[in-house]
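Examining the three-dimensional arrangement
Here are the chains, one letter per residue:
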Amino acid sequence: MSSPALVRQSEDSMPATTAMAEAGPMPAVTPPQTPHSFGTLALRWYRLNQGRLRATAIGIASLIAFLLVWHLLTTYRVVFFVRFTNVPSPLAVYASFTKAIHDPKFLMHIVLSCRRIFIGFSLAAIVGVPLGLIMGRFKLVHEIIFPVAEVLRPIPAIAWVPMAIMLWPTNEQSIVFITFLGSFFPILVNTLHGMSLVDPVLVRAAQCLGARERSIFREVYFPASLPHIFTGLTVGMGVAWVSLIAAEMISGQYCIGYFTWEAYSLVQYADIALGMIAIGVLGLGSSLLIRGAGQLVMPWRST
């Protein structure tokens, strides 16, 4: 081919090359992604929840071991410092449970105890948390209230039963009052402890930025004290159940504490264990609710 023909051919191909250059680089073609298999997703979920699954498995194994030891001790009537001759077996307690869940009276016992716990604990939280925040912020309020609280705090709940009966016109009100006292002091003390641990540098920084007292209280003191507040709520819930059962055994009529004491009076040993287990399960459920609320309010602590 002659040189003029080559020149003519190169000139004919120049518009196409120029158009491709002006259009820019061609987009890279990515191959279609294949969906992950079920095994891959399951393995990824297991790795993310490995610690939680391990804790759950250990908890289930410990409960099974506890039930096995309980069964062996009661089956062979072991007497070794502690007597298991009259202690009911797990199977006997389970039989009592299957009978009790079909009894409306047993369900009424549980509902009444839960209602008293809810009222008494709610009142203690409504009064104890704000009072602890105010006492922790204002020294004069702390000096006035703290000595009285420290004198009343060591008094056990069962010692308040005669006084509560004299103070309140009905047994229901006196039992709620004792439940309130049992949970009030742990909430108050833990809230005060949380306020005392607030970093003063944060307070001075907020003041330098022009924050007023209300803003400092809302943005600095309260968030910094939240972990200790929820610790107090958790401890207070446990003490509330202890106080409630003590009061119900003495002056109650329809409640889980009265059910347990009545079973002892009627020599129904399986019902005694059933009442104790019901109290433990209800207390555990109440504490889990508080911890769940704490994780919702303080999501930064779950990481």
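Residues numbered from 1 in each chain as written. Predicted model: local features only at pLDDT ≥ 70, side-chain atom pairs only at ≥ 80, totals over all residues. Heavy atoms only, no water.

Buried together is how nonpolar side chains tend to be arranged in soluble globular proteins. Counting 53 residues, the largest nonpolar core has Phe106, Ile178, Ile187, Leu233, Trp241 and Ile256 as the members making the most contacts within it. Residue assignment for this core shows that the elements contributing at least two residues are helix H4 (90–100), helix H5 (104–137), helix H7 (161–167), helix H8 (171–196), helix H9 (200–208), helix H10 (213–251), helix H11 (256–265) and helix H12 (269–297). Apart from the residues lying within four places of it in its own chain, the contact partners of leucine 233 are Phe121, Ala125, Ile187 and Ile290. (Core = buried A, V, L, I, M, F, W, Y, C linked by side-chain atoms within 4.5 Å. Buried < 20%, exposed > 50% of the residue type's maximum accessible area, 1.4 Å probe, protein only. Helix = DSSP H or I, 4+ residues; strand = E, 2+ residues; numbered from the N terminus. Contact = heavy atoms within 4.5 Å.)

Moving on, we come to the packing of aromatic side chains. What the rule picks out here adds up to nine aromatic pairs. Relative to phenylalanine 259, the ring of phenylalanine 106 lies with its centre 5.1 Å away and its plane at 65 degrees, an arrangement referred to as edge-to-face. Placement of phenylalanine 106 in helix H5 and of phenylalanine 259 in helix H11 is noted, with a sequence separation of 153 residues between them. What makes phenylalanine 106 buried here is its relative accessible area of 4%. Residue class for phenylalanine 259 comes out buried when judged on its relative accessible area of 13%. Seen in terms of ring centroids, tryptophan 168 and phenylalanine 177 are 5.6 Å apart; in terms of plane orientation they differ by 45 degrees. Their pairing is tilted. When its relative accessible area of 16% is taken as the criterion, phenylalanine 177 is described as buried. In this structure an aromatic cluster arises from ring pairing among Trp160, Trp168 and Phe177. (Phe/Tyr/Trp six-rings, centres within 6.5 Å; stacked < 30°, edge-to-face > 60°.)

Quick look at the packing of H5 against H10 now. Where H5 meets H10, the closest approach of the two axes is 8 Å, and the angle between their N-to-C directions is 145 degrees. Once H5 is placed against H10, the crossing between them reads as right-handed. Here the contact of H5 with H10 is built from residues that sort into 16 nonpolar, three polar and four charged. (Axes fitted to C-alpha atoms, helices over the stretch in contact; angles between N-to-C directions. Left-handed = near helix turned anticlockwise from the far one by under 90°. Nonpolar A, V, L, I, M, F, W, Y, C, P; charged D, E, K, R; others polar.)

Low-confidence regions, as indicated by low pLDDT, have predicted coordinates that should not be scrutinised in detail. Summarising the model, the protein shows a mean pLDDT of 85, and 87% of its residues fall at 70 or more. Predicted confidence is poor over residues 1–14, with pLDDT under 50, and the contacts of this stretch with residues over four places away or in other chains come to two contacts. Within the model, pLDDT remains below 50 along residues 16–21, and this stretch shows zero contacts once partners closer than five positions in the same chain are excluded. (pLDDT = per-residue confidence, 0-100.)

Below, the discussion takes up the environment of leucine 123. For leucine 123, the position within the fold is in helix H5. The class of leucine 123 is partly exposed, set by a relative accessible area of 41%. Taking the C-alpha atoms as reference points, leucine 123 and serine 183, separated by 60 residues in sequence, lie 9.3 Å from one another.

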